[in-house]
Amino acid sequence: MKITVIGSGYVGLVTGACLASLGHQVICADTDAGKIGLLASGKVPLFEEGLEPLVKEALTDGRIRFTTELAWSIEESDILFITVGTPSLPDGEADLTQLWSVVNLIAKSGGGRKLLVIKSTVPVGTCDSVEDLLRHGIARSRIIDVAHNPEFLRQGNAVRDFLLPDRIVVGCKTEEARTIMSDLYAGIASPVHHCDRRSAELIKYGSNAFLAMKISFINMMANLSDELGVDVDEVSAGIGADRRIGPHFLQSGIGYGGSCFPKDMKAIQALGKSVGCELPLIEAAERINGKQPQFIVGKLKHSLQTMRGSRIALLGLTFKPMTDDIREAPSLTVCRMCLAEGAIVHAYDPMIRQYPMQEVVLHGDAYSAIDGCDAIVLLTEWDEFRLLDWGRVRKAVRNGLIVDGRNMLSHSGMRSVCEQYGMTYLSVGRPAIDRYGLTSPGVIPQYLRNTRVK
Ligand code: UGA
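Note that the structure is a prediction, hence the values are computed from the model and not measured. (Residues numbered from 1 in each chain as written. Predicted model: local features only at pLDDT ≥ 70, side-chain atom pairs only at ≥ 80, totals over all residues. Heavy atoms only, no water.)

Caption draft 1: Geometry of the domain arrangement of the chain. Entries for the chain in the domain assignment read domain 1 (2–195) and domain 2 (198–454). Distance from the C-alpha centre of domain 1 to the C-alpha centre of domain 2: 34 Å. The partner domain 2 presents 24 residues to the 29 residues of domain 1 that form the contact. Taking both sides of the interface into account, the surface hidden between domain 1 and domain 2 amounts to around 2,200 Å²; carbon and sulfur atoms contribute 62%. Linking domain 1 with domain 2 are two salt bridges, by the criterion used here. A salt bridge links Arg 198 to Asp 128; the nearest nitrogen and oxygen atoms lie 3.2 Å apart. Taken together, the links from domain 1 to domain 2 amount to twelve residue pairs in polar contact (both at pLDDT 80 or more). At the level of secondary structure, the elements contributing two or more residues to the side of domain 1 that touches domain 2 comprise α6 (126–136), β7 (168–171) and β8 (192–195). The biggest single contributor to the side of domain 1 that touches domain 2 is α6, with three residues. Looking at the side of domain 1 that touches domain 2, its residues break down into eleven nonpolar, eleven polar and seven charged. (Domains from an automatic or database assignment. Contact = heavy atoms within 4.5 Å. Buried area = accessible area lost by both parts, 1.4 Å probe. Salt bridge = Lys/Arg side-chain N within 4 Å of Asp/Glu carboxyl O. Polar contact = N/O pair within 3.5 Å; in protein donor to acceptor, adjacent residues only side chain to side chain. Helix = DSSP H or I, 4+ residues; strand = E, 2+ residues; numbered from the N terminus. Nonpolar A, V, L, I, M, F, W, Y, C, P; charged D, E, K, R; others polar.)

Caption draft 2: The side chain of Gln 292, seen in detail. Along the chain, Gln 292 turns up in helix α12 (residues 280–304). Polar side-chain contacts of Gln 292 include one of 3.3 Å to the backbone oxygen of Gly 253.

Caption draft 3: Examining the pairing of strand β5 (residues 114–118) more closely. Of all five residues making up β5, five are buried, and the element is well covered by its neighbours. Both faces of β5 are covered, namely the face carrying Lys 114, Leu 116 and Ile 118 and the face carrying Leu 115 and Val 117. Two elements, strand β4 (residues 79–82) and β5, share four bridges in a ladder whose sense is parallel. Paired with Ile 82 across the bridge in β5 is Ile 118. Once the chain exits β4 it traverses helix α5 (residues 97–108) before rejoining the sheet at β5, and the crossover so formed is right-handed. In this sheet, strand β6 (residues 143–148) lies alongside β5 in parallel orientation, the contact comprising five bridges. Pairing of Leu 116 across the sheet is with Val 146, part of β6. (Buried < 20%, exposed > 50% of the residue type's maximum accessible area, 1.4 Å probe, protein only. Pairing = 2+ DSSP bridges. Right-handed = clockwise from strand over helix to strand, strands pointing away.)

Caption draft 4: Representation of the packing of α5 against α6 within the structure. α6 packs onto α5 with a crossing angle of 30 degrees between their chain directions and a minimal axis gap of 10 Å. By the angle between their directions, the pair α5 and α6 is classed as roughly parallel. For the pair α5 and α6, the crossing hand works out as right-handed. Between α5, through Leu 99, Trp 100, Val 103, Asn 104, Ile 106 and Ala 107, and α6, the contact on the second element is made entirely by Thr 126, Ser 129, Val 130, Leu 133 and Leu 134. (Axes fitted to C-alpha atoms, helices over the stretch in contact; angles between N-to-C directions. Parallel < 35°, antiparallel > 145°, perpendicular 65-115°, else oblique. Left-handed = near helix turned anticlockwise from the far one by under 90°.)

Rendered as structure tokens:
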């Protein structure tokens, strides 16, 4: 099939490269000439595991092309995917500016009959509005359907998520579009969930909201575990073993970030507001998430007595491992809070060479970041932090204090480390470990106790 993917961000590139790997002829179009130039030479301008080899292979086999000529790329293909960004507007609503500019171009374009597939995350009713615009324009007889085919791609895992998904969701109106979409994905052995377009649009928001809610639920349980002297990891494993609940997205820590969950949680609330429907679970999940960094910084402050003049080493800045993305990363909030308390912040992340806060001193490796610091705060669960040489760490960290904002280190393992090297280990919803390897209920500073999540 001849496919054009408009928008070469991580969703567009993964979609284009994976569809090419399934044997389709793909054109990836974007207005960014620099990006397209790089891609045409086989270089992927973003960090996504497995993507570059796929692009190179498709280029060699002549199954993928890159262009800035949007109008040409629209005319060339039978299936048009829109994968442009839909960021948040100040009121939380999704900004559809990029989507509309592409749709307007399609409305004016020539060529044969086409199926338009919106992959971008869009509010319920967007496909209907796009169809209205196209049906009233010159594209009228040439549009087979406007389908919605939401993406469920995790950054860092996106190629695998595309080729081995739990399900493929396709919302469309016509039988012809349904058949085309089934043929398009025939190479993927996962069930296709066919539904109407509005349901497909809401499935995407509902999926992200539910996952975000699971994270906030376990973080709420972590705070309760801290108060009760319980280990939240045990609680999470026990709850998640129930197949009706499942073990995924029950990892407690500093909260979710990234370019998707925070944006989509806002967008679904805006959607609810637009029809006068309250979404209290979503609101609570968002509030809990916003509060989570306070618990981490609170524990740090409580243990150091004062943050003023203390040197804090942050390990990990990206919103999760296997990405170079710091958008809405919890590290940004933690940095801001530490700086506001008068701390001196040093940091290291294997993927970050520039950080938006000038005051943060970036280092090229973990040992140089922690040298002479008063405490370490782990904020992204990069594997290399699990392999730190604790003897070396102890010599570098004055107070021997480690705050694990991701519960990434084994609790029992850290008991031995603390006992052997005289270190203190605090995490989220798990008992604190002192320098003798003894545990006590997780420390929650008094001022954070019983504070209602506002
Ligand atoms: C998320 C969804 O998982 C994808 O299905 C969706 O397609 C994508 O958003 C999107 O809408 O484009 P992503 O933002 O890449 O993907 O990352 P996730 O792996 O979902 O993690 C999001 C955040 O939650 C990260 O900050 C991560 O550290 C945090 N998280 C995740 C937890 O704190 N605990 C968990 O148990 C899982």
